[in-house]
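Chain by chain, the residues run as shown.
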Amino acid sequence: MSTEGLASAFASTRRIMEGVGADQFDKPTPCVSWDVRRLINHIVGGSHWFAISTNAGGSPEVDETELTDYAAADMLGSYDHGIAAALAAFSADGALTKTVKLPFGELPGAAFMGLATMDHFIHGWDLAKATGQPLNLDEAMAEQLLAQARMTVPDQFRGPDPHAPFGPIVEIADSAPASDRLAAFLGRAVAA
């Protein structure tokens with residue numbers, strides 16, 4: 001298993017992040033409890049957290065990435081650093097077969113990389129929606145991630161924001177773009 005899908009998700013979200021201006025940091029996002037600044041900090045911090053957790057075989061007790069305001073400095077440079085670190089971590093020998101211990105359970109490295117891919121791809125969707133950018137997302141990748149989400153997102157992980165990682169499934173037409181159907185499955189309101 002390669003890191004190609006993860007690299008594509010990172011590149012997609014980075015492209016959207018390039019279009020975000022500081023004047024948009026206070027805008028609301030589809031992640032109800034986060035504004036654009038908090039979403040950017042989660043995205044950039046997440047790239048570093050996935051790298052740290054993969055390398056260590058578990059998440060850190062104190063997540064320093066949650067305490068950093070990446071949006072206040074060079075958010076793209078920080079994201080590039082996190083992307084490189086995460087791709088290196090998941091590419092390391094044995095990284096995809098080892099068990100990674102997380103606050104919500106244990107995952108094989110390959111499943112953890114799948115989670116990282118979905119997280120970064122869908123947060124790119126969130127960021128585009130929040131800042132009024134065209135989505136231009138890889139719909140084939142969105143379709144694959146939707147199939148993965150249907151198999152891996154349990155109902156006990158659903159609830160109101162910010163108390164659960166995913167909201168209740170939002171009804172959407174089967175003819176909607178795959179990225180919107182993925183967002184709806186993960187609990188996002190997809191109206192423009």
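Scroll up to find the structure this text is about.
Throughout, residues of each chain are indexed from 1 in the direction in which the sequence is written. The model is predicted, so local features are restricted to residues of pLDDT at least 70 and side-chain atom pairs to those at 80 or more, both for listing and for counting; the totals for chains, interfaces and linings are taken over all residues. Water and hydrogen atoms were dropped before computing side-chain values, which therefore reflect all heavy atoms in the structure.

## Points about the overall build of the protein chain
The condition is simple: Here a helix means four or more residues in a row that DSSP labels H or I, a strand means two or more in a row labelled E, and each is numbered from the N terminus. The size measure is the radius of gyration over C-alpha atoms, and the globule rule it meets is 2.2 Å times the number of residues to the 0.38 power. Using a 1.4 Å probe on the protein chains alone, a residue whose accessible area is under 20% of its type maximum counts as buried, one over 50% counts as exposed, and one in between counts as partly exposed. In this description, contact between two residues means that some pair of their heavy atoms is separated by no more than 4.5 Å. Surface accessibility follows the Shrake-Rupley procedure with a 1.4 Å probe radius. Residue values consider only the protein chains on display as shielding.
The helix and strand inventory of the protein chain stands at six helices and two strands. Going from the N terminus to the C terminus, the protein chain shows its helices and strands as α-α-α-β-β-α-α-α. Computed over C-alpha atoms, the radius of gyration of the protein chain comes to 16 Å, within 12% of the 16 Å expected from 2.2 N^0.38 for 192 residues, which places it in the range of a compact globule. Its C-alpha atoms put the protein chain at 40 × 40 × 30 Å along the principal axes. Within the span of the protein chain, comprising 192 residues, buried residues form 48% of the whole. Considering only contacts within the protein chain whose residues lie at least 6 apart along the sequence, 67% involve residues at least 24 apart. If you sum the accessible surface of the protein chain, you get close to 9,300 Å²; carbon and sulfur atoms cover 55% of it.

## Observations concerning the environment of lysine 98
Structurally, the position occupied by lysine 98 is in the loop between helix 3 (75-91) and strand 1 (99-102). Looking at lysine 98, the relative accessible area reads 28%, which means it is partly exposed. Taking the C-alpha atoms as reference, lysine 98 lies 7.4 Å from glycine 57; in sequence the two are 41 residues apart. Excluding residues that lie within four positions of it along the chain, lysine 98 makes contacts with Thr54, Asn55, Gly57, Leu107, Pro108 and Gly109.

## Description of the side chain of threonine 54
Looking at the secondary structure, you find threonine 54 in helix 2 (residues 36-56). Setting aside anything within four residues of it in sequence, one finds threonine 54 in contact with Ala89, Phe90, Ala95, Lys98 and Phe112.

## Digging into the packing of helix 4 (residues 109-131) against helix 6 (residues 178-185)
Our working rule: Convention adopted: a line fitted to C-alpha atoms gives each axis, helices being fitted over their contacting stretch, and angles between N-to-C directions are expressed from 0 to 180 degrees. Each angle is binned into one of four classes, with values under 35 degrees roughly parallel, values over 145 roughly antiparallel, values of 65 to 115 roughly perpendicular, and all other values oblique. Each residue is assigned to one of three groups, with Ala, Val, Leu, Ile, Met, Phe, Trp, Tyr, Cys and Pro labelled nonpolar, Asp, Glu, Lys and Arg labelled charged, and all others, Gly among them, labelled polar.
Here helix 4 crosses helix 6 at 100°, and the two axes come no closer than 10 Å. Between helix 4 and helix 6, the angle is such that the two are roughly perpendicular. Here helix 4 contributes Phe121, Ile122, Trp125 and Lys129 to the contact with helix 6, which in turn contributes Ser179, Asp180, Leu182 and Ala183. When the residues that make up the contact of helix 4 with helix 6 are grouped by side-chain class, the tally is five nonpolar, one polar and two charged.

## Digging into the pairing of strand 2 (residues 105-108)
So the rule is basically this: Paired strands, as defined in this entry, are two strands with at least two bridges between them according to DSSP.
Inspection of the sheet shows strand 1 paired to strand 2 by four bridges, in the antiparallel sense. Bridge assignment links lysine 101 to a residue of strand 2, and that residue is glutamate 106. Where strand 1 hands over to strand 2, the hairpin turn is made up of two residues, counted between the paired strands.

By themselves, these observations are geometric and do not establish any function.
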